[in-house]
Amino acid sequence: YIIIHVEKAYIMKNILIISGSPRKKGNSQLLCESFCKGALEAKHCVNLIRLADKNIHFCRACDACMKNGGTCILKDDMQYILEQFQQADVIVLATPVYFYGICAQMKTFIDRTYPIWRTLGENAVYHLVSAGLDKKIIERSLGDLDGFVEHLEAYTIKGRLYATDAMEAGKILGTPIIDEAYQMGKNV
């Protein structure tokens, strides 16, 4: 008998983290950074985009992108983000919950993916969500995220991480949820 030992092949993944946090030290941003750290330590290629740092205009619903091959008429940072999105194997969507919904930055990002909505691709998806109240509030707010993900050609929601009762920016620092985000990123 010949026994052949085959190690599991390592496959580097291209991970895109979309942070909707308007606060640089906000709780959902901190979850993104911890997830990113874990993924980088696992030798994945990671691009963390903080939407609040980008110049992104609101969708005008003009439908020009549907008439011109999927190019938006707005000239802003969204074109770069869409290119990154189409190259990603893993998508991480991170948002705080404000008034029972995802933040405006994340909703604007979702709306602006319209030019490529027919070719959103196949991705593993993670949600990182923070809220000042409990898990029920978060679950009520996920309609926009879940609806967006359902437009992917194929997807698997690989993880959801909820930071609850976290109203003040940075409240989750030093809590177990930061390590959970790190481990989630490391185990993509």
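Please read all numbers here as calculations on a predicted model, not as lab measurements.

**Some words on a nonpolar patch on the surface**
Judged by side-chain polarity, Tyr98, Phe99, Tyr100 and Leu133 come together as a nonpolar surface patch covering roughly 490 Å² of accessible area. With respect to the secondary-structure elements, Tyr100 resides in the loop between strand S3 (90–98) and strand S4 (101–102).

**Structural notes on unusual backbone geometry**
Phi angles above zero are rare outside glycine, and Lys43 is one such case at about 70°. With respect to the helices, strands and loops of the structure, Lys43 is situated in the loop between helix H1 (27–41) and strand S2 (45–50).

**Side note on empty space enclosed by the protein**
Sizing a probe to match a water molecule and rolling it over the atoms shows the empty space that remains. Enumeration over the complete set of coordinates arrives at one cavity of 30 Å³ or more. Reported here for the largest cavity is a volume of approximately 100 Å³. Residue lining of the largest cavity: 14 residues in total, with Cys59, Arg60, Cys62, Cys65 and Cys72 positioned closest to the centre. Of all the secondary structure elements, the ones that give two or more residues to the lining of the largest cavity are helix H2 (64–67) and helix H4 (104–112). Class assignment for the residues of the lining of the largest cavity results in 10 nonpolar, no polar and four charged.

**Re the environment of Gly38**
Along the chain, Gly38 falls in helix H1. Sequence separation between Gly38 and Val188 is 150 residues; the distance between their C-alpha atoms is 8.9 Å. Apart from the residues lying within four places of it in its own chain, the contact partners of Gly38 are Tyr182, Gly185 and Lys186.

**Some remarks on H4**
For H4, the full list of buried residues reads Met106, Thr108, Phe109, Ile110 and Arg112. Among the structural elements, strand S1 (14–19), helix H3 (78–87), S3, S4 and helix H6 (143–149) are those in contact with the buried residues of H4.

**Brief notes about the pairing of S2**
In this sheet, S2 lies alongside S1 in parallel orientation, the contact comprising six bridges. Following the sheet pairing, Ile18 is matched in S2 by Ile49. At this point the chain moves from S1, through H1, to the parallel S2, and the crossover so formed is right-handed.

Thresholds applied
Each chain carries its own residue numbering, running from 1 in the direction its sequence is written. For this predicted model, a pLDDT threshold of at least 70 governs which residues receive local features, and a threshold of 80 or more governs which side-chain atom pairs are given and counted, while totals over whole chains, interfaces and linings are taken from all residues. Computation of side-chain values: all heavy atoms of the structure, hydrogens and water removed. Nonpolar side chains (Val, Leu, Ile, Met, Phe, Trp, Tyr) are joined into patches within 5 Å and like charges within 9 Å, using only residues with over 30% relative accessible area and no salt bridge. Note on areas: these come from Shrake-Rupley sampling with a 1.4 Å probe, and a residue is covered only by the protein chains present in the view. When a carboxyl oxygen of Asp or Glu lies within 4 Å of a side-chain nitrogen of Lys or Arg, that pair is called a salt bridge. Secondary structure counts use DSSP, requiring at least four H or I residues in a row for a helix and at least two E residues in a row for a strand, with both numbered from the N terminus. Put simply, the grid is 1 Å and covers the protein atoms alone, a cavity is a trapped set of points that fit a 1.4 Å probe, a pocket is an open set with protein on both sides within 12 Å along at least five of seven lines, and lining residues have an atom within 4 Å of a point. Grid points are joined across faces, edges and corners, and a volume is the space filled by probe spheres set on the points. Ten residues, namely Ala, Val, Leu, Ile, Met, Phe, Trp, Tyr, Cys and Pro, are considered nonpolar, four, namely Asp, Glu, Lys and Arg, are considered charged, and the remaining ones, Gly among them, are considered polar. Here a residue-residue contact requires only that any non-hydrogen atoms of the pair lie within 4.5 Å. For every residue, the accessible area obtained with a 1.4 Å probe (protein chains only) is divided by the maximum for its type, and the residue is called buried under 20%, exposed over 50%, and partly exposed between those limits. At least two DSSP bridges between two strands are needed for those strands to be called paired. For the handedness criterion, the strands are oriented away from the viewer, and a crossover whose path from the first strand over the helix to the second runs clockwise is classed as right-handed.

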